[in-house]
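# Analysis of the macromolecular model
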2 protein chains.
Amino acid sequence: MHSPAELATQFRSMGRKLTPQRQLIFSLLHNNETHPTAENLYGIASAQMPGISLRTVYQTLNELAEMGELQLIDLGEGGMRFDPNVDDHHHAVCGVCGKIRDVHVKGAASLKPNDAGDFMVSDVGVVFRGKCSDCESRAVKRSPVLQAKVSKK
Amino acid sequence: MHSPAELATQFRSMGRKLTPQRQLIFSLLHNNETHPTAENLYGIASAQMPGISLRTVYQTLNELAEMGELQLIDLGEGGMRFDPNVDDHHHAVCGVCGKIRDVHVKGAASLKPNDAGDFMVSDVGVVFRGKCSDCESRAVKRSPVLQAKVSKK
DNA sequence: GTCTAATTTGCAAGTCTTGCTAACTAACAA
DNA sequence: TTGTTAGTTAGCAAGACTTGCAAATTAGAC
Ligand SMILES: [Mn+2]
Ligand SMILES: [Mn+2]
Ligand SMILES: [Zn+2]
Ligand SMILES: [Zn+2]
């Protein structure tokens, strides 16, 4: 995603308005590596701008996505995640806490399906599933009792 | 996924009943490579067993998934897809018609994130996005004007 | 300041999936 | 065969997430 200032320029040049709501959302996304949901962003935005609506957050995110400034990631758990990083990269998803981490994968771009007939590949995505280091150390440190409790759910 | 007969045995050994609804769903999934949604299966099932409920389809699919007999795939468009193929394989998704095709990827299992700290990888998934051959030939046969428009992008 | 098209809000509605429970039935024993 | 009962189904309500809609608001231009 471009910087908030650049996005501002871009929006204006498209005949769009630069509202405080949009500015706030731009700033919340800038350098944001948490892969937040719309609800996540709404929560943070509300703290700084009480009254902003979830609808506006969705609206702005969709606009940015259409402009190619955001990447959408769907993990099949909870809502869509929004990624301001549109450079070539991939993701590692923790099955315990759900956090998504950016990763780079050497040789990913040259991966090819070896039995896909005439399928024309335009994009390759790699997702690693597993456990993040935070969850790993937490699991070790916790009492076996708590552990049992958690895994039940 | 195991064969319908094997699933039947497995269900019974778990103290579960072998109902006609379950048997039908087992048979619809057997060797099914279409990656159907619950609604897709419900449609087909209804033709053979009028009155079967969508709720039961979901229920059975979830049971099979918990038993490790099905893989769930979420593409962020429409509903969850259910894949009875739980062997190591990957997917190519057509952005035009939405069809998912199984593909094998040489070296996928050995892919590693090169900057993921202590993330413990337990599974790697590769998704190719692009256009399937059906949609490609369909595009060629249609007006060249439309085609130029598309290929520009 | 005035004007107006773009934007924001709040709520209704849509899509997909799950919770709940009364009615039903497969499985088993007598 | 019949009775028993724990497991299952069907139907509908409700939950989670996202979008449609339209009245009220406002950024940006003149
Ligand atoms: Mn990312
Ligand atoms: Mn598959
Ligand atoms: Zn984690
Ligand atoms: Zn296609």
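Residues numbered from 1 in each chain as written. Chains lettered and ligands numbered in written order. Predicted model: local features only at pLDDT ≥ 70, side-chain atom pairs only at ≥ 80, totals over all residues. Heavy atoms only, no water.

## Things to note about the domain arrangement of chain A
Interface size is commonly expressed as the accessible area that is lost once the parts come together. Residue and element names in this part refer to chain A. As far as domains go, chain A holds domain 1 (4-82) and domain 2 (88-152). Each of domain 1 and domain 2 was reduced to a C-alpha centroid, and the two centroids are 25 Å apart. At the interface, 7 residues of domain 1 touch 8 residues of domain 2. Three residues, His35, Gln71 and Leu75, lead the burial of domain 1 against domain 2; their summed loss comes to 62% of the area buried on that side. Where domain 1 touches domain 2, the interface holds 4 residue pairs in polar contact (both at pLDDT 80 or more). (Domains from an automatic or database assignment. Contact = heavy atoms within 4.5 Å. Buried area = accessible area lost by both parts, 1.4 Å probe. Polar contact = N/O pair within 3.5 Å; in protein donor to acceptor, adjacent residues only side chain to side chain.)

## Considerations on the coordination of the zinc ion (ligand 4)
Residue and element names in this part refer to chain B. Protein-derived coordination of the zinc ion (ligand 4) comes from Cys94 (SG), Cys97 (SG), Cys132 (SG) and Cys135 (SG), at a distance range of 2.2 to 2.3 Å. Note that the zinc ion (ligand 4) binds 4 donor atoms; their angles at the metal cover 106 to 112 degrees, and the shape is tetrahedral. Sequence positions of the donors to the zinc ion (ligand 4) reduce to the motif C-x2-C-x34-C-x2-C. Since its relative accessible area comes to 33%, cysteine 97 is described here as partly exposed. (Donors = N, O, S within 2.8 Å, 3.2 Å for Na, K, Ca; no water. Tetrahedral: all angles 85-135°; square planar, octahedral: opposite > 155°, others 65-115°. Buried < 20%, exposed > 50% of the residue type's maximum accessible area, 1.4 Å probe, protein only.)

## Here we look at the interface of chain A and chain B
Contacts between the two partners involve 36 residues from chain A and, on the opposite side, 36 residues from chain B. Here chain A and chain B share an interface that buries about 2800 Å² over both sides, 59% of which is from carbon and sulfur atoms. The largest share of the area that chain A buries against chain B comes from A:Leu111, A:Phe119 and A:Phe128, three residues that together contribute 21% of it. Joining chain A to chain B, the criterion identifies 0 salt bridges. (Salt bridge = Lys/Arg side-chain N within 4 Å of Asp/Glu carboxyl O.)

## Examining the coordination of the zinc ion (ligand 3)
Ideal geometry at a metal gives 109.5 degrees between four tetrahedral donors and either 90 or 180 degrees between six octahedral ones. Residues and elements named next belong to chain A. Bound to the zinc ion (ligand 3) on the protein side are Cys94 (SG), Cys97 (SG), Cys132 (SG) and Cys135 (SG), at distances that span 2.2 to 2.3 Å. Taken together, the 4 donor atoms coordinating the zinc ion (ligand 3) span angles of 106 to 114 degrees at the metal, a pattern that classifies the geometry as tetrahedral. Considered as a linear motif, the donors of the zinc ion (ligand 3) on their single chain read C-x2-C-x34-C-x2-C. Of the two residues, cysteine 97 sits in the loop between β3 (90-94) and β4 (100-103) while cysteine 135 sits in helix α5 (residues 133-141), which places them 38 residues apart along the sequence. (Helix = DSSP H or I, 4+ residues; strand = E, 2+ residues; numbered from the N terminus.)

## Things to note about the protein's contact with DNA strand C
Among the 21 residues in the neighbourhood of DNA strand C, the closest are listed as A:Thr19, A:Arg22, A:Thr56, B:Tyr58 and B:Met80. By atom count, sugar and phosphate contribute 67% of the portion of DNA strand C lying within 4 Å of the protein. Between A:Thr19 and DNA strand C, the recorded distance is 2.4 Å, taken from a side-chain N or O atom to a phosphate oxygen. One nitrogen or oxygen atom from the side chain of B:Arg55 is found 2.8 Å from a base oxygen belonging to DNA strand C. For the surface near DNA strand C, the elements supplying multiple residues, two or more each, are α2 (20-29) and α4 (54-66) of chain A together with α4 (54-66) of chain B. (Near = heavy atom within 4 Å.)

## Let's talk about the relation of the copies chain A and chain B
With an RMSD of 0.1 Å, the operation that places chain A on chain B is a rotation of 179 degrees combined with a shift of 0.1 Å along the axis. What the superposition gives is, in effect, a two-fold axis relating one chain to the other. Within chain A, A:Val126 has its C-alpha nearest the rotation axis, a separation of 2.3 Å. The share of interface residues of chain A whose copies in chain B are also at the interface is 100%, consistent with both copies meeting through the same surface. (Least-squares fit on C-alpha atoms with pLDDT ≥ 70 in both.)

## Digging into the protein's contact with DNA strand D
Around DNA strand D sit 21 residues in total, of which A:Tyr58, A:Met80, B:Thr19, B:Arg22 and B:Thr56 are the nearest. Within 4 Å of the protein, the contacting atoms of DNA strand D are drawn from sugar and phosphate to the extent of 63%. At 3.0 Å from a base nitrogen of DNA strand D is found a side-chain nitrogen or oxygen belonging to A:Lys17. Within the side chain of A:Tyr58, an N or O atom sits 2.2 Å from a phosphate oxygen of DNA strand D.

## Describing helix α2 (residues 20-29) of chain B
Residues and elements named next belong to chain B. Inspection of α2 places Arg22, Leu24, Ile25, Phe26, Leu28 and Leu29 among the buried residues, and these make up the whole buried set. In the core, the buried residues of α2 are packed alongside α1 (4-13), α3 (38-48) and α4. Looking at the residues trailing α2, positive phi occurs at asparagine 31, about 60 degrees.

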